[in-house]
Amino acid sequence: MKKIEAIIKPFKLDDVKEALNELGIQGMTVSEVKGYGRQKGHKEIYRGAEYIVDFIPKIKIEVVVEDGMVEQTIERICTAAKTGKLGDGKIFVVPIEQVIRVRTGERGKDAI
Amino acid sequence: MADEHPAILLKKKRKRLITEGLKTNCAELIRLLSDMLDAYFCEVYEKSIVGPTMRIERNPYALVALGGYGRREECVQSDVDLLFLFDRNVPENGEALIREIIYPLWDIGVTVGHATRSIDESLELAATDLDTFTAMLDSRLICGMSPLFSTFMERFRREVILPNQDRWIETIVKSCRERRSRFGDSAYLLEPNIKEGVGSLRDYHTFRWMAMILSEVRDIRDLEYYGYVSSREYGRLIDALNWLWIVRNHLHDIAGRKCDRLYFEYQPRVARRLGFIEGKNGQPVEQMLSKVHSAMEWLNQLVQIGIREIDANRSSSRNPRSVTKTTSSDIYADRGTLHFSTSEAIVRHPVLLIRIFEESAKQGLPLCIDARRLVQEFLYLVNEAFLRMPGALKAFESILMASRVEVNVLEEMASSGMLERLIPEFTSIRDRIQYDRYHLFSVDAHSLKTVQAIKSFGAEQTKEWCSLCAELYRDISSHRKWLLWAALLHDIGKGVQSDNHSRKGAEIARSILNRLGYRKRDIDTVAFLIEHHLLLIKTATRRDINDEEVAITCGRTVNNVERLKMLYLLTVADSMSTGPKAWNEWTAALLRDLFFKVLNIVERKELAGYQVVRDMARKKAQLFDAAAGRIDRNELERIYGWMSPRYLLYAEIPQILEHVDLYRGLESRPFIWRIQTDVDTSTRTVTICARDRPGLFSKIAGVLTLNGMNILNAQVFTWRNNTALDIFHVSPPVDAYFEGERWMRAERNLEAALKEQLDLPAAIAEKMASYGSLPPPGDRRPPRVKVDNTESSFFTIIEVFSDDFPGLLFWVTDAIFRLRLDIWLAKISTKVDQILDVFYVRDFDGQKADAPEQVEEIQKTILDTLDCIMKKGGKS
């Protein structure tokens, strides 16, 4: 099992969610996050006061999938999240040791 | 059957009663359940074996109901609180009595809490423990020695309550505040706690306890008798309580336990059982929650006013009257509240009904409870024509605009029913709930909160967390009235069915403001703000805000700096008043970023503004007319979609048509060009369509220079599908005979250069050496380079001023290419021998080059390049 963590542009959330639903991925965790990479922040000046945007608002999506699904998932996310411009985001793939569904105690792929 | 234990019978009867009571939504169920328990206790008391022995031992007892059971408010899963009250001491065989009376109840699943105490013990405990104290306030004799109970009650009043009335009131108020803050979290708005929350049954209990401490109130009806509520309020109180009890009973039954919080998972079932069906008032759950909120809000008001009033009365017995006049002779302030001088005055001058609220807003004082009651009594004098009475609208405006926030006068007006009478349209959004986890408040409460949030931008402390809002609020000070009207009415469209509540709301607001006689210009402003109140937040969260076009589209909708600022403030206030899911630092950052980008565009008036919008519409129509018959309309529409706003603004119609033509012929080639001889001049126009790539511009300029064409001016555009469209005006080579061949060679050169098979800098340097035509250094003005990052939020603008010389444009654009910058738009113009080049550039990642060191590097690189060329007389 792998956890796929994707950082995407906020307005791409619906597209990515839809793409993952089409793959049959039902559950995901979505967070509003801020950060920067090559796309840097900037500052605006209004009436002498500086308004600095140092961390750029992004969306983080986390899904856990079976190993066999990893490539497809990555591909779908890339297609859906891509604008071709800077700041389209990144995807991290992390190995997962174990998944447990709290309600039933199921483990492994049954619990995904 | 006759031998069945009373508890078994009770179980059966209870089950039947509950089933029947829930089915008929019977508000009396709680009392019937209490009575049924009473009957059980009476029966077991009579049949008791242990009991009579106590009488023989001259230690008789009374069975007393405490707390909710004492009030005869027994819900389906409520606990039963009992006191076995003895005269002097609790006898040894008390245990046996409990076994006899209580254990059977446990066996049938009723939770019973019991205590066995003597009168002295009871009084002692009540004097030190608030919960025991309030439980005993509600105590009621079930059966047994009634003189014992009378003595107990009499001593309780004389020894426990009366000596410490003030302290008890204070303790109860304090614990009420603590409870309300514990359960006052916004999450409880979505899943209200009917027993403990703000406006819950506990609030009613609190109110009742205070009345009991101060007067001989024994029953809910006494509240009216002793003047704690008016007759109208009593009716409303009973309605609210009955409704909450019915809901609570269903909740207990569905949850199967003593659950007092209306959790999401239970809401649909409760709503269905209560008979709500989907209709124009929304989903069943929304309708149910709306009624729950309405009842709880009313109880909330009651307890707040009650506490205030009781406090005021207590202090009035200590403090002397301190009457102060107000601006109206019929309204005065006394001990921190506002009063009408007489009720007749209201009949004579109905406008007083709004004047008292105006005073309240001005002085930050609430209305006293009697004044509130008078307002409600005389509400029939208020209708939608009321605000047209002399002074009335002005009073309302000063309430709307009052900057004091300690008393929320609009909320007071809403809860007293005044607001709805003045603006009947408000009725449609009253207590309207939107069933999701996003909207925390009913629509009317949210609207009033939005007004309050906007006012808070004017408060000193706002500067700390949102200096931008404070700054903008100051900027639009002359328009505040309209912004506040818009805030008050922004969701008014949610009260009626439509597919677009913003547009509908604008329409309704127009009719309201028209009725009030405002000027069209101002009505337009309010209607605009309401119609577009979601524009910024939707764009910020659902669109690519780093796309200039998105900001331009926004800018063109708003078109006006003042309106944009007001719209931003309304958006922030609206989001803040919706709930924590709608407003956080993350959303705030997105919204603010978009705001600055749109502000920039609207302020410059270059790409947005009424004039521009009109011109662009005209231009589009002209373009399609001119293309009619030549280019398929649908295809043109598709290509038109790629044209950037700047392109459409600056390219002329014949040029655009030329580009469309070229583009259709481009196919897979890297570029395609067309050379025309201008009719009345000897210059040539080169129109180029190419796949855009970094360095394209410098290569074209270089090839033209290499072939002896002097560039007089040029324009460079980029379409959104990465197609470059350039227009060069050049003077032809001196040797006119072989011009055609020259152009062919230039085309081959460009092909080679794009394939990186031609070293343009070297070739041009060689060519320049043969000219040797630069003026001597003494006559030259030094070139200047200006880098601007404020003009546009999306591009860095480089301006180069220089004396002209062949190859200049190539060297400048080549330097820009070497700086790893992409030219998106350029205007090159020559004035006599001075040239002015303007380039809109971004780095290869699509970002502005706005770091100070980048700006410095741009200037240095271009100047060094020019310097070097000029020194060498054109030799690189």
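Residues numbered from 1 in each chain as written. Chains lettered and ligands numbered in written order. Predicted model: local features only at pLDDT ≥ 70, side-chain atom pairs only at ≥ 80, totals over all residues. Heavy atoms only, no water.

An unreviewed UniProt entry lists chain A under the name P-II family nitrogen regulator, from Desulfatirhabdium butyrativorans. Entered under Subunit (unreviewed entry) in the UniProt record, the comment concerning chain A runs "Homotrimer." Listed in UniProt under the heading Sequence similarities (unreviewed entry), the comment for chain A reads: "Belongs to the P(II) protein family." (UniProt positions renumbered as here; feature names shortened; annotations may be inferred.)

Helix and strand counts for chain B stand at 41 helices and 15 strands. For 876 residues, the compact-globule estimate of 2.2 N^0.38 gives 29 Å, and the C-alpha radius of gyration of chain B, at 41 Å, exceeds that figure by more than 25%. With respect to the three principal axes, the spread of C-alpha positions in chain B is 140 × 65 × 55 Å. For chain B, the residues scored as buried account for 57% of the 876 residues in total. Counting only contacts in chain B whose residues sit at least 6 apart along the sequence, the fraction spanning at least 24 positions is 69%. Accessible surface, chain B as shown: approximately 38,200 Å² in total, 50% of it carbon and sulfur. (Helix = DSSP H or I, 4+ residues; strand = E, 2+ residues; numbered from the N terminus. Rg over C-alpha atoms; globule rule 2.2 N^0.38 Å. Buried < 20%, exposed > 50% of the residue type's maximum accessible area, 1.4 Å probe, protein only. Contact = heavy atoms within 4.5 Å. Areas by Shrake-Rupley, 256 points an atom, 1.4 Å probe, with all protein chains shown as cover.)

Right, let's get into the sheet that holds strand β10 (residues 710-718) of chain B. All names here are of chain B. Taking strand neighbours across the sheet as the criterion, the eight strands line up as β8-β9-β11-β10-β14-β15-β13-β12 in an open arrangement whose pairing is antiparallel. If you trace the sheet from one side to the other, it starts and ends with β8 (671-677) and β12 (784-788), each paired once. This sheet shows a mean twist of 20 degrees between the axes of neighbouring strands, independent of strand direction. Alignment of strand β13 (residues 796-803) against strand β15 (residues 834-843), held across eight bridges, turns out to be antiparallel. Residue pairing across strands places Ser802 opposite Ile835, the latter belonging to β15. (Pairing = 2+ DSSP bridges. Axes fitted to C-alpha atoms, helices over the stretch in contact; angles between N-to-C directions.)

Further remarks concern the environment of Glu857 of chain B. Among the structural elements, Glu857 of chain B can be located in helix α41 (residues 852-871). Of the residues examined, Glu857 of chain B reaches a relative accessible area of 46% and is grouped as partly exposed.

At the interface, 21 residues of chain A touch 27 residues of chain B. Carbon and sulfur atoms supply 51% of the area that chain A and chain B bury against each other, a total of about 2,200 Å² over both sides. Considering only the side of chain A, the residues that lose the most area to chain B are Phe11, Tyr46 and Tyr51 of chain A, jointly responsible for 29% of the buried surface there. Between the two partners, chain A and chain B, sit two salt bridges. Of the charged contacts in the structure, one is a salt bridge between Lys85 of chain A and Asp544 of chain B, with a shortest N-O distance of 3.5 Å. (Buried area = accessible area lost by both parts, 1.4 Å probe. Salt bridge = Lys/Arg side-chain N within 4 Å of Asp/Glu carboxyl O.)

Here the focus is the sheet that holds strand β3 (residues 112-118) of chain B. Residues and elements named next belong to chain B. Pairing is mixed in the open sheet, where four strands are placed in the order β3-β2-β1-β4. With one partner strand each, in any of the chains shown, β3 and β4 (140-144) form the two edges of the open sheet. Each strand axis lies, on average, 25 degrees off the axis of its neighbour in the sheet, ignoring direction. The strands touched by helix α5 (residues 94-101) are β1 (61-66), β2 (80-86) and β3; relative to β2, the strand with the most contacts, the crossing angle is about 145 degrees.

Here we come to the environment of Gln834 of chain B. You can see Gln834 of chain B is positioned in strand β15. Separated by 480 residues in the primary sequence, Gln834 of chain B and Ile354 of chain B place their C-alpha atoms 71 Å from one another.

Residues and elements named next belong to chain B. For the structure on display, the rule yields 36 aromatic pairs over all chains. Note on Tyr40 and Phe41: the rings are 5.3 Å apart at their centroids and 70 degrees apart in plane angle, and the pair reads as edge-to-face. For the pair formed by Tyr40 and Phe41, the shared burial category is buried. Seen from their ring centres, Trp642 and Tyr663 are 5.6 Å apart, and the 70 degrees between their planes marks the pair as edge-to-face. (Phe/Tyr/Trp six-rings, centres within 6.5 Å; stacked < 30°, edge-to-face > 60°.)

Let us now look at the side chain of Ser802 of chain B. Along the chain, Ser802 of chain B turns up in strand β13. If we ignore the near neighbours within four places in the chain, the residues touching Ser802 of chain B are Pro783, Leu808, Asp833, Gln834, Ile835 and Met870 of chain B.

Residues and elements named next belong to chain B. A large share of strand β11 (residues 723-731) lies buried, amounting to seven of its nine residues. When strand β9 (residues 684-691) meets β11, the two strands line up antiparallel, connected through eight bridges. Residue pairing for β11: Cys689 is matched across the bridge by Leu725. Relative to β11, β10 is paired through eight bridges, and the arrangement is antiparallel. Bridging across to β11, Val716 finds its partner in Asp726.

Moving on, we come to unusual backbone geometry. Among all residues save glycine, negative phi is the norm, and among peptide bonds the norm is trans. Residues and elements named next belong to chain B. Not every positive phi belongs to a glycine, and Asn25 is a case in point at roughly 50 degrees. You can see Asn25 is positioned in the loop between α1 (6-23) and α2 (29-47). In this structure, Glu667 takes a positive phi of about 50 degrees despite not being glycine. Examined against the element boundaries, Glu667 turns out to sit in the loop between α36 (653-666) and β8.

It is worth spelling out the UniProt feature "modified residue: O-UMP-tyrosine" (unreviewed entry) in chain A at this point. Mapped onto the present numbering, the UniProt feature "modified residue: O-UMP-tyrosine" (unreviewed entry) falls on Tyr51 of chain A. Relative to the helices and strands, Tyr51 of chain A is located in strand β4 (residues 49-53). Tyr51 of chain A sits in the buried class, given a relative accessible area of 5%. For Tyr51 of chain A, the side chain forms a polar contact with the side chain of Ser467 of chain B, separated by 3.3 Å. (Polar contact = N/O pair within 3.5 Å; in protein donor to acceptor, adjacent residues only side chain to side chain.)

A few words on the packing of helix α20 (residues 392-401) of chain B against helix α26 (residues 480-489) of chain B. Residues and elements named next belong to chain B. As a packed pair, α20 and α26 sit with axes 10 Å apart at the nearest point and diverge in direction by 85 degrees. On the basis of the axis angle, α20 is roughly perpendicular to α26. Residues Leu393, Phe396, Glu397, Leu400 and Met401 of α20 touch α26, and the partners they reach there are Arg480, Lys481, Leu484, Trp485 and Leu488. Considering only residue class, the contact of α20 with α26 consists of seven nonpolar, no polar and three charged. (Parallel < 35°, antiparallel > 145°, perpendicular 65-115°, else oblique. Nonpolar A, V, L, I, M, F, W, Y, C, P; charged D, E, K, R; others polar.)

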